[in-house]
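Geometric and topological summary
Listed here are the chains, written in short residue letters.
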Amino acid sequence: MAYDLAVVGAGIVGLGHALAAARRGKRVVVIDRDAQANGASVRNFGFVTVTGQGAGDCWQLARRARDVWQEVADAAGIDILQRGLVLAARLPESEAVIDAFLKTPMGEGCEKLTAAQAQRFVPNLRPQAAPVALYSPHEVRVESRTAVPLVARFLAERYGVVFRRSTSVVAVEAPRLITADGEVIEAEATVVCPGDEYTALFPERIAAYGVTRCKLQMLRVVPARPVALQSAVMSDLGLGRYLGYAELPEAAPLKRRLDAEFGPERENGIHLIVTQSADGSLVVGDSHHYATTPDPFGSQGVDDLILGELDAVLDLPSRTVSERWIGTYASADGRWRFTDKPSETVRIVIVTAGCGASTAFGIGEETIDELYG
Ligand SMILES: Cc1cc2nc3c(=O)[nH]c(=O)nc-3n(C[C@H](O)[C@H](O)[C@H](O)COP(=O)(O)OP(=O)(O)OC[C@H]3O[C@@H](n4cnc5c(N)ncnc54)[C@H](O)[C@@H]3O)c2cc1C
C-alpha cells in the first residue's frame, strides 16, 4: 500500500488531519482539485479565535488548535501578526454579557477593560465605542493566504507528506481513491475534508447533515496614517452572534436591542472583525448569507454596513478600500462540525460554521486518534 492515509482537500481541515497523522509517523498523501489553496481557508481573517466559540467541544478544540498553530508557526516560519482580542462594547446591554461571560470557565484569563485600557492594545479605538471592552489574551492571528501554503510546505518538507494538486477525487472505494483522470491512489485509510464541496463525494451522506453554504463579504482597508493594532477587534454585534456569548441567558436583552436598532446589520448577518496584516492594512468583515449556491456578487450596501460599523468603532480618517472578496463555507443548522463514518477506514470531516481556522488542528488530532487508537 503506497500510503497509510489519504486526505481529500488541502484546506486547513485537510492539513490538520495530515499534520496529526504525519506526527504519528503515517505516510500521508493530500489530494486537492485546485493548484493552490483557494477556498475558505485562504479567504478568512486568519483569526484563530478561542474566546467566543460555543461552549463545549468547539471552545476546547479551539484552545488545542491555537496551541498547535503556535507550534506550527514556529516550525514553519509563519508570523503571528497579532495576539488577543479587544471586543469593544458601546451598548449598556453588552456589559451584562461580558460580566456573565467572565464568570464562565471560558472567561478564564479574560478581563473587562475601560476605553483607556483597551486603547493600549488598539490605539485607534473610539472611546465612545468602548465604555467597556472585553479583552481576551487567547487569540493568535496569521495571514491565511501565506500561512496555509506554508503549513503545506512544512508538512511536505518535515514529514514527507505528498501533495497531489490539480487532482479531483471522484470516488472513494477504500482502500482506493479514483481521480477524475482515472488514476487509482491506494491508501489504507481516507479522510475526506471537502469544505463546502458537498455534492462530489458521498453527497447523500453529507446531505443527511443538512449542509448548505454561507457567503461572506470581506474587505481590505488601508488606513491613511500608520496604525498598529496589537489585537483583533470586535464589537457589540459580535457579542450577539458568537455563540460563546450569544447563548448566555444574559445576552437576550442585547440581542433584542440589536434586532431593534441594528436591523440591517442583523438581517445581513453582519458583525465586525478587524485584523491587521504585516503591511499595516486591515482585513475587515463580515456578512453572512445562506443558500445552497450563493450568488458570487458582492453588494455595496452590505460593504457599507460593514464599513459603517468599522467607522463607529475605530477612528481611521481617510481610510480606503484596496480589496474586496467573497468567501463561502459549509453551514448547517444546529451543528458546527460533523464527522461521518462511511466505513471502518473512511471519515468525512466538515466544519459547518465559521470556525475552521480556529479548530481544524484540534479536529485533526481527534479524528486521527479515533482512527488509529
Ligand atoms: C470570509 C471567511 C472568513 C472566515 N473567518 C474565520 C475566522 O476568522 N476564524 C475561523 O476559525 N474560521 C473562519 N472562517 C471559516 C474557515 O475559513 C473555514 O471553516 C475553514 O477554512 C474550512 O476549511 P476546509 O479545509 O474545510 O475548507 P476549504 O478551505 O474550502 O478546503 C476544502 C478543499 O477541498 C478541496 N476539495 C473538495 N472536494 C474535492 C475533491 N472531490 N477532490 C479534490 N479536492 C477537493 C477544495 O479544492 C478545497 O481546497 C472564515 C471563512 C470565510 C469564508
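Described in the following lines is the structure provided in the data block. None of these values were measured; they are calculated from a predicted model.

Across soluble globular proteins, nonpolar side chains show a tendency to be buried alongside one another. Ranked by internal contacts, the top residues of the largest apolar core, which has 60 residues, are Leu125, Tyr245, Val274, Leu310 and Leu314. Among the domains, domain 1 (1-80 + 142-210 + 333-373) and domain 2 (82-140 + 212-331) are the pair contributing at least three residues each to this core. Each residue touching Val274, except ones within four places of it in the same chain, is listed here: Leu229, Ala232, Val233, Leu282, Val283, Val284, Leu310 and Leu314. With 46 residues, the next largest nonpolar core counts Ala21, Cys58, Trp336 and Val349 among its residues.

Turning our attention to helix H4 (residues 92-103). Residues lying three or four places apart along an α-helix face the same way, a consequence of the helix completing one turn every 3.6 residues. Within H4, the full set of buried residues consists of Ser94, Val97, Ile98, Ala100 and Phe101. Looking straight down H4, one finds that the buried residues subtend no more than 165° of arc, so they occupy a single side. Across from the buried face of H4, at angles greater than 90 degrees, the exposed residues are Pro92 and Lys103. Among the structural elements, strand S4 (82-89), strand S5 (111-113), strand S6 (132-141), helix H8 (236-239), helix H9 (243-246) and helix H10 (252-261) are those in contact with the buried residues of H4.

Around the ligand, the surrounding shell holds 35 residues, and the nearest of these are Asp32, Arg33, Ser41, Asn44 and Ser358. Between the ligand and the protein, one listed contact pairs an oxygen atom with a side-chain N or O atom of Ser41 at 2.5 Å. A total of 1000 Å² of accessible area belongs to the ligand in isolation, and the protein chains cover 97% of it. Residues that form the shell around the ligand fall into these classes: 17 nonpolar, 13 polar and five charged. The residue makeup of the shell around the ligand includes at least three contributed by each of domain 1 (1-80 + 142-210 + 333-373) and domain 2 (82-140 + 212-331).

Here helix H1 (residues 12-23) spans 16 Å end to end across 12 residues, near enough to the 16 Å set by a 1.5 Å rise per residue. Most of H1 sits inside the fold, with 11 of its 12 residues counted as buried. The set of residues buried in H1 consists of Ile12, Val13, Gly14, Leu15, Gly16, His17, Ala18, Leu19, Ala20, Ala21 and Ala22. Looking at the residues trailing H1, positive phi occurs at Gly25, about 85°.

The final tally for this structure, using the stated rule, is five aromatic pairs. Centre to centre, the rings of Phe101 and Tyr245 are 5.1 Å apart; their planes meet at 65°, and the pair counts as edge-to-face. Taken together, the residues span a long stretch of sequence, with Phe101 in helix H4 and Tyr245 in helix H9 at a distance of 144 residues. For the pair shown, Phe101 and Tyr245 are each scored as buried.

The subject of this paragraph is the pattern of salt bridges. A complete count under the given rule lists 31 salt bridges for this structure. Here Lys112 and Asp99 are joined by a salt bridge, their closest N and O atoms 2.9 Å apart. Here Asp99 lies in helix H4 and Lys112 lies in strand S5, a separation of 13 residues in the sequence. The salt bridge involving Asp315 is made with Arg126; its shortest N-O contact spans 3.6 Å. Of this pair, Asp315 sits in the loop between helix H12 (300-313) and strand S16 (320-331) while Arg126 is found in the loop between helix H5 (115-121) and S6, placing the two residues 189 residues apart along the sequence.

Think of a disulfide as a covalent bridge from one cysteine sulfur atom to another cysteine sulfur atom. If you walk through the whole model with that rule in mind, you get zero disulfides. Its sulfur unpaired, Cys58 is 3.9 Å from the next cysteine sulfur, which belongs to Cys355. Judged by relative accessible area, Cys58 falls into the buried class, the value being 4%. A residue is classified by how much of its surface remains accessible, and Cys355, at 5% relative accessible area, is buried.

Reading the values: the criteria
- Residues numbered from 1 in each chain as written.
- Predicted model: local features only at pLDDT ≥ 70, side-chain atom pairs only at ≥ 80, totals over all residues.
- Heavy atoms only, no water.
- Core = buried A, V, L, I, M, F, W, Y, C linked by side-chain atoms within 4.5 Å.
- Buried < 20%, exposed > 50% of the residue type's maximum accessible area, 1.4 Å probe, protein only.
- Domains from an automatic or database assignment.
- Contact = heavy atoms within 4.5 Å.
- Helix = DSSP H or I, 4+ residues; strand = E, 2+ residues; numbered from the N terminus.
- Arc of directions from axis to C-beta.
- Near = heavy atom within 4 Å.
- Polar contact = N/O pair within 3.5 Å; in protein donor to acceptor, adjacent residues only side chain to side chain.
- Areas by Shrake-Rupley, 256 points an atom, 1.4 Å probe, with all protein chains shown as cover.
- Nonpolar A, V, L, I, M, F, W, Y, C, P; charged D, E, K, R; others polar.
- Expected span 1.5 Å × (residues − 1).
- Phe/Tyr/Trp six-rings, centres within 6.5 Å; stacked < 30°, edge-to-face > 60°.
- Salt bridge = Lys/Arg side-chain N within 4 Å of Asp/Glu carboxyl O.
- Disulfide = S-S within 2.5 Å.

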